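This is what each chain is made of:
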Amino acid sequence: MIIQPNKLLAPTSRIVRFYNCSAICTEGPNIIGKLNLSGVQIQYESQFTTRMVLNPDATDQPIYYGFIGEDVTFLLLKFTYDETNPACQIEEEQYVEYYFKDNPTEIKYAGKLLLLTGNSTHRIPQIFLSNPSPTKVIVEGLVANLAQSDISYSDLDDEIVTITNLYSNNITSDKAWNYTDLVSGSTQLQIVNVDDVVQLYLNYSEIDAIERKEEDFELVISTKIDGVIVLRFLSAFEMYQGHSRIIWVLEDSPHRYLTKELPNSDLIPPVITLNSGVEPLYPGTNIYLYPVTRDPVTSGFTITPDDILNYFIDTVIDNRDGEIDKLDVALTIREVNHLETLTGITSDGNYDIIMSIADIANNQSIADYVIIIDGVPPVITFKAGIGDIFEMNIPDDLKDPTQGITPDDIILKTVDSVYDAVDGTIPNSDIDILINSYSGVTGITNVYEPGQYEITYSVSDRASNIASYDKTMIVSGLTILNSGDTYTFGSFMVAGNFQYTGESGTTATIDISGETFLVGAVGTGITYFIWDISGSTEHTFTTIDESITITVNNTVYTITFNGWGSLLFTIEKIEAAPTFSDLTFYQAYKEDSASGYTTSDIPNTGYSYSITLDDDSSSLYNIIINDVSYNRTGFTNTPVYLESFSGKTTGTTSGTSLYDYYVDRYPTFNTTTLDNILLGNIAFGELFENENDKFIFNDLISDDNLYSVVMAGNYPKGDYNFKVDLIDDNGYINTLTFIFIIN
Ligand SMILES: [Ca+2]
Ligand SMILES: [Ca+2]
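The sections below set out a description of the structure shown in this document. All values reported here derive from a predicted model rather than from experimental measurement.

1. Examining the overall build of the protein
For the protein, the count of helices and strands is 5 helices and 57 strands. Scored against the burial criterion, the 743 residues of the protein give a buried share of 43%. Long-range contacts, defined as pairs at least 24 residues apart, comprise 57% of the intrachain contacts of the protein with a sequence gap of at least 6. If you sum the accessible surface of the protein, you get close to 37500 Å²; carbon and sulfur atoms cover 49% of it.

In structure tokens form, the structure reads like this:
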């Protein structure tokens, strides 16, 4: 009997309404019949009562029947609506929706009571309730399995014996003393009827295998000698419970036996315990990072279901069945938002995994996790025009000039977006910015000074893969230099504007490519600006727009004095200085008796050249430029000075072995001139380029006129330091040195 809800459904107006112990049928507004239920008796084998609350808008709530199982033969539900809630409408508007598990699309309705009945072959499936109303509904239930007829079985002489109409507790076992352990155990499986009379015995030792046929509610027991015994139960629930009971005894029959009551139904699913240390990414969520220690692009690594089970699960323990092999847990893998199931994971992504395991009594445990597989860091996309070096201006690029340049300002100016293949878009604000000054100040939070800064961007995905980018930030504006300050001019800076505030007689320091220079104020009345190139003569600026150029590490800078008052000046990087590269020499060597020269390269390391002589005063060496590159077009003569040599003394070179060598070899050469050459006051030689674009290094002492440096085998041994000033068409100067090491 199925009672329709008391909501009037067109076109019928017939309803049955329960009131106290009566069911009242109405047709239209008039009561036409009454059925008194008092005195009705229904026999039952087992019953279960339950109470649950359906909150407003609750959907798909199953009613649990406890130990009775999923499908029953009698169900009575009473619905009480929360009439204390002002939203609770008049009685006729109140109902709940329900459907059967085997037909979820057919929605049915119930008002105050729902009474459903069935029998052993037509049982009531599990029902699910939904509460469409805005008020709470209390559901009270009485569930029962009604009394059934006794078991029946076929002729025991048959090859296949079939016993039907079984409840799980029709299966018991004998009780035998295990005298060794002083406990009770069992030797025989028994089937008893409703009167507890044993109908069939079977030694446990004769059981060969038990096969389960769920659709027929059957356990098929193959025996070693007596053929097949088919146990057909009244429901799937009874079959599962019966199977659970038999296996429980078989596991340890010397110590276990079955009564009708014990062990009771197994209603507790297995417990899956996770490995220690396996924690969700965020507390309270089911999102886990799966550790990846592979290169997902090149390794071709596949994460298998067993990998995942071993990673997550420590043990699976069932109250009845004991420990279950964790690899028996069924695992469903789907990429999040995808339908198809996967046999393994081969690429980064977010995956839904569902673990399910049932005990023999078919109580199922389900665990549902999202795992993140991610071995690749996020990618920062920078704005158009932002390269390895970018510029910021104080105050144009600042949100708040009083705060200087902040990490937020840098992100706003340079970063377009952050994207991770697994996490998706990451907020730009998640980027960490580390600011170090070029001069070595680290961890700057606010940049108030123009200059060059090294910026490190780093951002992490949820799997802690970190992406890191380095850039150089050039900040423009006016740099205030106070007395005693040191300012470092960055390698990528092309210009800097400075204002020196110190009193007359004080200085500050500017570092350019590791060379330090003093700037400062001198004079009284009108204060002048000085530029003291370390180791050289200072330059005093007295006129606005006056400028000098300096060369540091092959780069030309112009220093311009911009005015008094606050002593304004500018440092501007002009261009690469005139310079040689790849300067190499070779020697042309001839014995006195030889008819011609033999040549060989002179080994060099940087600008140091090692020349080995043979000590013979009559043998001759000509040192000739083998190759050199010049970073300008055209080259004119430039003098080469002998800066120093081993054994040189101050004041005069007379008496040194080198002086004596030249006087001996070239007796007509003016000795005063020779002394000045060896002191570096007069050029030792000259560099020039001949018509064939070939570079010549000609010494000015020898009279051989060979356009080379000429020395005999007995030339004094030692180090010879030469210096040449390269001057280009603009007058920019770069000083190069090279060393001949004479062995
Ligand atoms: Ca269990
Ligand atoms: Ca990632």
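That shown, we press on.
2. Re the sheet that holds strand S17 (residues 188-192)
Two strands in a sheet stick together by hydrogen bonds in their backbones, pointing the same way (parallel) or opposite ways (antiparallel). The antiparallel open sheet is built from 3 strands, whose spatial order is S14-S17-S18. Since the sheet does not close on itself, it has two edges, and those belong to strand S14 (171-173) and strand S18 (198-203), each with one partner. In this sheet, adjacent strand axes meet at a mean angle of 30° when their direction is disregarded. Direction of pairing for S17 relative to S18: antiparallel, over a ladder of 5 bridges. Note that in S18 the partner of Val192 across the bridge is Val198.

3. Here we look at the sheet that holds strand S9 (residues 113-117)
Strands sit in the order S4-S11-S6-S9 across an open sheet of 4 strands; the sheet is antiparallel. If you trace the sheet from one side to the other, it starts and ends with strand S4 (44-54) and S9, each paired once. Recorded for the sheet is a direction-independent mean angle of 10° between the axes of neighbouring strands. With 8 bridges joining them, strand S6 (residues 74-81) and strand S11 (residues 137-146) adopt antiparallel strand pairing. Looking at the pairing, Tyr81 lines up with Val137 of S11.

4. Brief notes about the coordination of the calcium ion (ligand 2)
Surrounding the calcium ion (ligand 2) are the protein donor atoms Asp374 (OD), Asp374 (OD), Val376 (O), Asp420 (OD), Asp420 (OD) and Asp461 (OD), which sit 2.1 to 2.7 Å from the metal. In this structure, the calcium ion (ligand 2) is coordinated by 6 donor atoms arranged in irregular fashion, with angles at the metal of 51 to 167°. Of note, the donors binding the calcium ion (ligand 2) are all from one chain and are spaced D-x1-V-x43-D-x40-D. Within this pair, whereas Val376 is found in the loop between strand S29 (364-373) and strand S30 (379-382), its partner Asp420 is found in strand S32 (residues 415-420), the two being separated by 44 residues in sequence. On the basis of relative accessible area, Val376 is assigned to the partly exposed category, the value being 34%. A relative accessible area of 0% places Asp420 in the buried class.

5. Comments concerning a negative patch on the surface
Negative charge collects at one region of the surface, where Asp306, Asp314, Glu323, Asp325 and Asp328 lie side by side. Positionally, Asp328 belongs in the loop between strand S25 (322-324) and strand S26 (330-335).

6. Quick notes on the coordination of the calcium ion (ligand 1)
Only Asp266 (OD), Asp266 (OD), Ile268 (O), Asp318 (OD), Asp318 (OD), Asn319 (OD1) and Asp359 (OD) from the protein reach the calcium ion (ligand 1) as donors, at distances of 2.2 to 2.7 Å. Residue class for Asn319 comes out partly exposed when judged on its relative accessible area of 47%.

7. Some details on unusual backbone geometry
At the junction of Leu262 and Pro263, the peptide bond is cis and its omega measures out at -15° in the coordinates. Inspection of the secondary structure assignment puts Pro263 in the loop between helix H1 (236-251) and strand S22 (271-274). The omega torsion of the bond from Ile394 to Pro395 falls at 15°, within 30 degrees of zero and hence cis. You will see that Ser464, though not glycine, has its phi angle at about 65°, which is positive. Secondary-structure assignment places Ser464 in the loop between strand S35 (451-460) and strand S36 (466-476). Take Ser464: its relative accessible area is 54%, and that puts it in the exposed class.

8. Considerations on the packing of aromatic side chains
One pair of aromatic rings is described through two measures. These are the centre distance and the angle between the planes. Tallied over the entire structure, the rule returns 40 aromatic pairs. Ring centres 5.6 Å apart and planes at 40° place the aromatic pair Phe580 and Phe635 in the tilted group. Linking Phe580 in strand S47 (residues 580-590) with Phe635 in the loop between strand S51 (620-630) and strand S52 (638-645), this pair joins segments that are 55 residues apart in sequence. Using a relative accessible area of 5% as the deciding quantity, one classes Phe580 as buried.

9. Here we look at the pattern of salt bridges
When their charged atoms lie close together, side chains carrying opposite charge are able to pair. In this structure the tally under the stated criterion is 10 salt bridges. For Glu218, the salt bridge identified is with Lys213, shortest N-O distance 4.0 Å. When its relative accessible area of 7% is taken as the criterion, Glu218 is described as buried. Among the salt bridges present, the one from Asp615 reaches Lys717, with a minimum N-O distance of 2.5 Å. With Asp615 in the loop between strand S50 (608-611) and S51 and Lys717 in the loop between strand S55 (709-712) and strand S56 (718-727), this pair connects stretches of sequence that are 102 residues apart. According to the relative accessible area criterion, Asp615 is exposed, its value standing at 52%. The exposure class of Lys717 is partly exposed, given its relative accessible area of 38%. By sharing partners, the salt bridges in this structure join Lys213, Asp216, Glu218 and Arg232 into a single network.

10. Observations concerning the environment of Val422
For Val422, the location among the structural elements is in the loop between S32 and strand S33 (424-426). We classify Val422 as buried; its relative accessible area is 11%. Note: C-alpha distance between Val422 and Asp348 (74 residues apart in sequence) is 6.7 Å. The contact partners of Val422, leaving out residues within four places of it in the chain, are Asp348, Gly349, Asn350, Ile372, Ile373 and Asp374.

11. Some remarks on the packing of helix H4 (residues 657-665) against helix H5 (residues 671-679)
Contact pair H4 / H5: the axes reach a minimum separation of 11 Å and the direction vectors enclose 140°. Taken together, the axes of H4 and H5 lie oblique to each other. Two packed elements cross with a definite hand, and for H4 against H5 that hand is right-handed. Taken together, the residues of H5 that come into contact with H4 (itself represented by Leu658, Tyr659, Tyr662 and Val663) are Thr671, Leu674, Asp675 and Leu678.

12. A closer look at the nonpolar core
By size, the foremost hydrophobic cluster in this structure holds 44 residues, and its most contacted members are Phe585, Tyr662, Phe697, Tyr715, Phe738 and Phe740. Looking at this core, the element that brings in the most residues is S51, giving 6 residues. Once residues within four sequence positions are removed from consideration, Phe585 is found in contact with Asp601, Ile602, Tyr609, Ile623, Ile624, Ile625, Asn626, Phe697, Phe738 and Phe740.

Basis of the calculations
- Residues numbered from 1 in each chain as written.
- Chains lettered and ligands numbered in written order.
- Predicted model: local features only at pLDDT ≥ 70, side-chain atom pairs only at ≥ 80, totals over all residues.
- Heavy atoms only, no water.
- Helix = DSSP H or I, 4+ residues; strand = E, 2+ residues; numbered from the N terminus.
- Buried < 20%, exposed > 50% of the residue type's maximum accessible area, 1.4 Å probe, protein only.
- Contact = heavy atoms within 4.5 Å.
- Areas by Shrake-Rupley, 256 points an atom, 1.4 Å probe, with all protein chains shown as cover.
- Pairing = 2+ DSSP bridges.
- Axes fitted to C-alpha atoms, helices over the stretch in contact; angles between N-to-C directions.
- Donors = N, O, S within 2.8 Å, 3.2 Å for Na, K, Ca; no water.
- Tetrahedral: all angles 85-135°; square planar, octahedral: opposite > 155°, others 65-115°.
- Patch = residues over 30% accessible without salt bridge, like charges linked within 9 Å, V, L, I, M, F, W, Y side chains within 5 Å.
- Salt bridge = Lys/Arg side-chain N within 4 Å of Asp/Glu carboxyl O.
- Lys, Arg positive; Asp, Glu negative; His and termini not counted.
- Charge placed at Lys NZ, Arg CZ, Asp CG, Glu CD.
- Phe/Tyr/Trp six-rings, centres within 6.5 Å; stacked < 30°, edge-to-face > 60°.
- Parallel < 35°, antiparallel > 145°, perpendicular 65-115°, else oblique.
- Left-handed = near helix turned anticlockwise from the far one by under 90°.
- Core = buried A, V, L, I, M, F, W, Y, C linked by side-chain atoms within 4.5 Å.

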